[in-house]
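Coordinate analysis (summary)
Each chain is listed here by its residues.
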Amino acid sequence: MKNYDLIVVGAGVVGLAHAYTAAVRGKSVLVIERDGACLGASIRNFGFVTITGQRAGDHWQRALRSRAIWAEVAPKAGIDVIHSGLWMTARRPAAAAVLEAFMLTDMAEHCALLTPAQAAERHPALRTEGLQSVLYSPHELRVESRTAIPLLAQWLQQGLGVDFRFSETVTEVATPRVTTSRGQYHAERVVVCNNADPGGLFASEWADNQVQLCQLQMLRVKPQAGFALKGSVMGDLSLIRYEGYSALPEAAALRAELERDEAESLAHGIHLIAVQSADGSLVVGDSHHYGSAPQPFASERVNQLMLRHLNEAVHIENAQVVERWTGIYPSSAQQPCFVKAPDDATRVVAVTSGSGASTAFGLAEEVWKAW
């Protein structure tokens, strides 16, 4: 039986980031995934590598580092960067005040605060009438997550020699031994990235640290011919969700105004993100519902609220919804990332802020360097 330097449990973006981090350092790596392919949160999101608006400090730095690794890895793995940049629209004066405050932080480096007229000239698809201002960030990247994750796994296998075992459930981790539904494997180290399965491996760690599950709803929308986004689009509701903005004192007034004007959207945890795919369709979302066992039923009312925010943000006509889906990821109000050490050779890791695509590579480097 081959003895590996590292076994990774879970082939989502967090697991693959750990596999990459070890493999580029010359380590032998095995990834074990219970499904026949990656089907979880990592392919059900925007593929949006978000930097601007991440929590100030370590998490923002993590996102910057992850963005650099994505830019390096994507061409090697045959992953297309569909578009780059972020357009954060401020419709309310209180939202504009948050953006003005953000521009005074270190995180605003290379960003620009535009007037509505400037934004309209640079990005005609934006609905700029009634806007106060628009923040443009050049930092963000967007990949098609449902194809990028399989391509990343394929490149890790073919290019870096990472071994994979799909359709195999890990039933016990007792490093250096890992027991699965098909046999046993050995490794000097094990990292568990199984998306906080509440009844699975290290369930007590998730419970003790108040990690719960978050369900989101998302849509794929077909716009009119010729419609083009020049980057990802977000709006006022995002400014009280992303901690890089919401932690600013100026966000309190915006939150109070949104609680009055958008109570239903806030009750469903909705904030607008719209990105475009290579075929011209838009991925639109999202909502957030929390609990230990989110129900697998999507609400059409939530979908309609998200479409309303889309129509308020961009010039879209007769949009046709062509796909609807839900996703689940681990969430914690206490911390954006979860790293626990049951013993010296084992780590349990999750991104608990819905920013796995944005921060997983940077987090994996931190875990490896600290080990």
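Residues numbered from 1 in each chain as written. Predicted model: local features only at pLDDT ≥ 70, side-chain atom pairs only at ≥ 80, totals over all residues. Heavy atoms only, no water.

What to know about the packing of aromatic side chains
- In total, this model carries eight aromatic pairs according to the counting rule given.
- Between the aromatic rings of F102 and Y245, the centroid separation amounts to 5.0 Å while the plane-to-plane angle is 55 degrees, which identifies the pairing as tilted. In this pair, F102 is assigned in helix 3 (residues 93–102) and Y245 in helix 7 (residues 243–246), connecting sequence segments 143 residues apart.
- Using a relative accessible area of 0% as the deciding quantity, one classes F102 as buried.
- Residue Y245 is classed as buried on the basis of its relative accessible area of 0%.
- It is R189 that lies over the ring of W368; its NZ or CZ is 4.8 Å from the centre. (Phe/Tyr/Trp six-rings, centres within 6.5 Å; stacked < 30°, edge-to-face > 60°. Helix = DSSP H or I, 4+ residues; strand = E, 2+ residues; numbered from the N terminus. Buried < 20%, exposed > 50% of the residue type's maximum accessible area, 1.4 Å probe, protein only. Lys NZ or Arg CZ within 6 Å of the ring centre and 35° of its normal.)

Points about the environment of G10
- Looking at where G10 falls in the secondary structure, it is placed in the loop between strand 1 (3–9) and helix 1 (13–23).
- Here G10 falls in the buried class, since its relative accessible area comes to 7%.
- A C-alpha to C-alpha distance of 37 Å links G10 and A263, two positions 253 residues apart in sequence.
- Setting aside residues up to four positions removed in sequence, G10 forms contacts with G15, L16, V31, I32, E33 and C193. (Contact = heavy atoms within 4.5 Å.)

Focus on the nonpolar core
- By size, the foremost hydrophobic cluster in this structure holds 81 residues, and its most contacted members are V29, L156 and Y245.
- Counting residues per element, this core draws most heavily on helix 1, at eight residues.
- Mapped onto the domain boundaries, this core takes at least three residues apiece from domain 1 (1–47 + 145–209 + 334–370) and domain 2 (53–62 + 79–143 + 212–331).
- Listed in part, the 26 residues of the second largest apolar core include L114, L229, V302 and L305. (Core = buried A, V, L, I, M, F, W, Y, C linked by side-chain atoms within 4.5 Å. Domains from an automatic or database assignment.)

Quick look at the domain arrangement of the chain
- According to the domain assignment, the chain consists of domain 1 (1–47 + 145–209 + 334–370) and domain 2 (53–62 + 79–143 + 212–331).
- Here domain 1 and domain 2 have C-alpha centroids that lie 29 Å from each other.
- Counting from both sides, the interface comprises 28 residues of domain 1 and, opposite them, 27 residues of domain 2.
- Three residues, R44, F46 and R146, lead the burial of domain 1 against domain 2; their summed loss comes to 33% of the area buried on that side.
- Taken together, the connections running from domain 1 to domain 2 amount to two salt bridges.
- With a closest N to O distance of 2.8 Å, E366 and R62 form a salt bridge.
- For the pair domain 1 and domain 2, the number of links is nine residue pairs in polar contact (both at pLDDT 80 or more). (Buried area = accessible area lost by both parts, 1.4 Å probe. Salt bridge = Lys/Arg side-chain N within 4 Å of Asp/Glu carboxyl O. Polar contact = N/O pair within 3.5 Å; in protein donor to acceptor, adjacent residues only side chain to side chain.)

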